[in-house]
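# Descriptive analysis of the structure
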Amino acid sequence: MATQLPGMLLNSSGLTLAGGRSLNCRNSQPPAAISSALPSLSSSTIQVVGWKGAGESGNGNLKLGNAFEGFQEEYDWNDVEADLYHWTKTLRPVQWYPGHIAKTEKELKEQLKLMDVVIEVRDARIPISTSHPQMDSWLGNRKRILVLNREDMISTADRNAWATYYAKQRIRVVFSNGQLGMGTLKLGRLAKALAGTVNIKRREKGLLPRPVRAGVVGYPNVGKSSLVNRLLKRRMCPAAPRPGVTRELKWVRFGKDLELLDSPGIIPMRISDQAAAIKLAICDDIGERSYNATDVAAILVQMLSKLPTVGNKALRDRYKIETDGRCGRIFVQKLAAQLFNSDNNQAAFRILQDFRKGKFGWIALERPPR
């Protein structure tokens, strides 16, 4: 059963930002290269198989009755990606590459040669955006385990979608919660099992067995150090909820059979996909100084207003501000005037923190590509 949610198309006016930039509050047609792969935005639809408890979309003409209860919604995420492309086109590029990352990248590529297995950690809310574009070439044929950390921050539907996606690609994936330790036992067993052939070959050569070497890699603040600490059941690696805390590679021993290399977050020198960069900023997986919080919060509001599991109603209920989701920057300004003495930055930070703390529910900002 499908229905079109009206009121989602943004108006044709733009809002001028500082320095002559503008955050366009509308859906534009993507360039030809993208348009060929995406559905037309002029008839953007949400395919609703079922929708429970999400309320109205912000348009009084749409009434979702009890007939939708007990079903799951199916949303065309290509529309969100197309919108993000246009919303970010006129903004200052988000770029972050602290000096220690260049040094780390060089050292890490050398250490990877010693690895029996590599554990790549990504943010479960944005698995594609936290995938380093050069990781495949660095690892080559090395055995890899993909960890989607922060599984507690996404819905069951999101988790199932990603599990199915990676299963079809025959990629070994572990869902984890580095803060509470969920998934760590499975990860440890899988790492040892994958690298078990190492000692078989050593015995054949007359060599003594040695611990399996596993490198833990990934973007900043995706939870690598917390995951290592949970595996070890003690705090051996510095960890904090912000990017750039770990700055050195560190070997630690996990029992007699496994050695882990905790590494600082690595990120491309230049992020060409600005839609991905905005999602990194929303999820706090990139340094705060790299982005304008007001711009990022405005885009987050526009994204949330389009997601059936959140929508305009959730934003109105939380902040007591009327919104149609058409221009997130105006929403940020209204919140600033109401609560923060017109300080847009504080208002933006509140919205971002509310999302990161799950105040709108636990939701992913990406779904598997079709």
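Per chain, the residues get numbers from 1 upward, laid out in the order the sequence is written. Given that this is a predicted model, residues contribute local features only at a pLDDT of at least 70 and side-chain atom pairs are listed and counted only at 80 or more, while totals for whole chains, interfaces and linings are drawn from all residues. The basis for every side-chain value is the complete set of non-hydrogen atoms in the structure, without hydrogens or water.

A tally of regular secondary structure across the chain gives 13 helices and eight strands. Relative to all contacts within the chain whose residues are 6 or more apart in sequence, the contacts with residues 24 or more apart total 72%. Runs of H or I in DSSP of at least four residues are treated as helices and runs of E of at least two as strands, each being numbered from the N terminus. In this analysis, two residues are considered to be in contact whenever any of their non-hydrogen atoms come within 4.5 Å of each other.

Salt bridges are defined by distance alone: a side-chain nitrogen of Lys or Arg within 4 Å of a carboxyl oxygen of Asp or Glu. All told, the structure shown has 18 salt bridges when counted by the stated rule. Salt-bridge contacts for K113 lead to E110; the nearest nitrogen and oxygen are separated by 3.4 Å. K113 sits in the exposed class, given a relative accessible area of 54%. A single network of salt bridges, built from pairs that share partners, joins E120, R122, D136 and R144. Per-residue accessibility, obtained with a 1.4 Å probe over protein chains only, is compared with the maximum for each type, and a residue is labelled buried under 20%, exposed over 50%, and partly exposed between these values.

The subject of this paragraph is empty space enclosed by the protein. Think of a 1 Å grid over just the protein atoms. A cavity is a set of points where a 1.4 Å probe fits yet cannot get out, a pocket is an open set with protein on both sides within 12 Å along at least five of seven lines, and lining residues have an atom within 4 Å of a point. Grid points are joined across faces, edges and corners, and a volume is the space filled by probe spheres set on the points. Counted according to the given criterion, the structure contains two cavities of 30 Å³ or more. Roughly 50 Å³ of volume is contained in the largest cavity. Around the largest cavity, the lining residues are L91, R92, P93, V94, I278, S290, Y291, N292, D295 and V296. Residues belonging to the lining of the largest cavity are distributed by class as follows: six nonpolar, two polar and two charged. Charged means Asp, Glu, Lys or Arg here, nonpolar means Ala, Val, Leu, Ile, Met, Phe, Trp, Tyr, Cys or Pro, and polar covers whatever is left, Gly included.

Let us now look at the sheet that holds strand β6 (residues 212–218). The mixed open sheet is built from six strands, whose spatial order is β5-β4-β3-β6-β8-β7. Edge positions in the sheet fall to β5 (173–176) and β7 (250–254), since each has one partner strand and no second. On average, each strand axis in the sheet is inclined to that of its neighbour by 25°, with strand direction left out of account. Relative to strand β4 (residues 143–149), strand β3 (residues 117–123) runs parallel, the two sharing seven bridges. Bridge pairing in β4 links R122 to L148. Here, a strand pair is defined by DSSP locating no fewer than two bridges between the strands. Axis definition: a line fitted to C-alpha atoms, over the contacting stretch in the case of helices. Angles run 0 to 180 degrees between N-to-C directions.

Our focus in this paragraph is the side chain of D354. Following the sequence through the fold, D354 ends up in helix α13 (residues 344–356). By relative accessible area, which is 5% here, D354 ends up buried. Once you skip the residues sitting within four places of it in the chain, D354 turns out to touch R318, Y319, K359 and F360.

The geometry of helix α6 (residues 184–194) relative to helix α8 (residues 224–232) is characterised by a closest axis approach of 9 Å and an angle of 85° between their N-to-C directions. As summarised for this structure, α6 and α8 are arranged roughly perpendicular, according to the angle between their axes. In contact with T184, L187 and G188 of α6, α8 contributes L227, R230 and L231. Per-class residue counts for the contact of α6 with α8 are three nonpolar, two polar and one charged. Roughly parallel covers angles under 35 degrees, roughly antiparallel covers those over 145, roughly perpendicular covers 65 to 115, and oblique covers all other angles.

Moving on, we come to the environment of I128. Relative to the helices and strands, I128 is located in the loop between β3 and α4 (135–139). Distance in space between the C-alpha atoms of I128 and A276 is 8.1 Å, their sequence separation being 148 residues. Residues contacting I128, with those up to four places away along its chain left out, are W162, E366 and P369.

Once that is clear, we can look at helix α11 (residues 311–319). Within α11, burial applies to G311, N312, L315, R316 and Y319. Taken together, the buried residues of α11 touch α10 (293–306), α12 (328–339) and α13.

Another point: the side chain of R210. Within the secondary structure layout, R210 lies in the loop between α7 (197–204) and β6. For R210, a relative accessible area of 18% translates into the label buried. Counting of polar contacts relies on pairs of N or O atoms within 3.5 Å, with two restrictions inside protein: one atom must be capable of donating a hydrogen and the other of accepting it, and residues adjacent in sequence are counted only when both atoms are side-chain atoms. For R210, the side chain forms a polar contact with the side chain of D116, separated by 2.9 Å. Residue contacts for R210: discarding those within four places in its chain leaves D116, V198, N199 and R202.

Two aromatic rings are characterised by how far apart their centres lie and by the angle between their planes. Within 6.5 Å between ring centres, the rings of Phe, Tyr and Trp (the latter by its six-membered ring) count as paired, and their orientation is classed by plane angle as stacked under 30 degrees, edge-to-face over 60, tilted in between. Counted under the stated rule, the structure contains five aromatic pairs. Centroid distance Y319 to F331: 5.7 Å. Interplanar angle 70°. Geometry classified as edge-to-face. Taken as a pair, Y319 in helix α11 and F331 in helix α12 lie far apart in primary sequence, 12 residues in all. The buried category is assigned to Y319, whose relative accessible area is 4%. Note on Y319 and F360: the rings are 6.2 Å apart at their centroids and 55° apart in plane angle, and the pair reads as tilted.

So, on to the pairing of β4. A regular strand places its side chains on the two faces of the sheet in alternate fashion. Most of β4 is tucked away: five of the seven residues are buried. Of the strand pairs in this sheet, β4 and β5 are connected by four bridges, and their pairing is parallel. Each residue of the ladder has a partner; that of L148, found in β5, is F175. After leaving β4, the chain enters helix α5 (residues 156–168) and then returns to the sheet as β5, a path that is right-handed. Handedness is read with the strands pointing away from the viewer; a crossover is right-handed when the path from the first strand over the helix to the second is clockwise.

Below, the discussion takes up the confidence of the model for the chain. Per residue, pLDDT measures the predictor's confidence, with a range of 0 to 100. Looking at the chain as a whole, the pLDDT averages 76, with 75% of positions reaching at least 70. Helix α1 (residues 32–35) is the least confidently modelled element of the chain, averaging 39 in pLDDT, while α13 averages 96, the highest of any element. Considering only residues more than four positions removed or in separate chains, one finds that residues 26–73, a stretch of pLDDT under 50, has 101 contacts.

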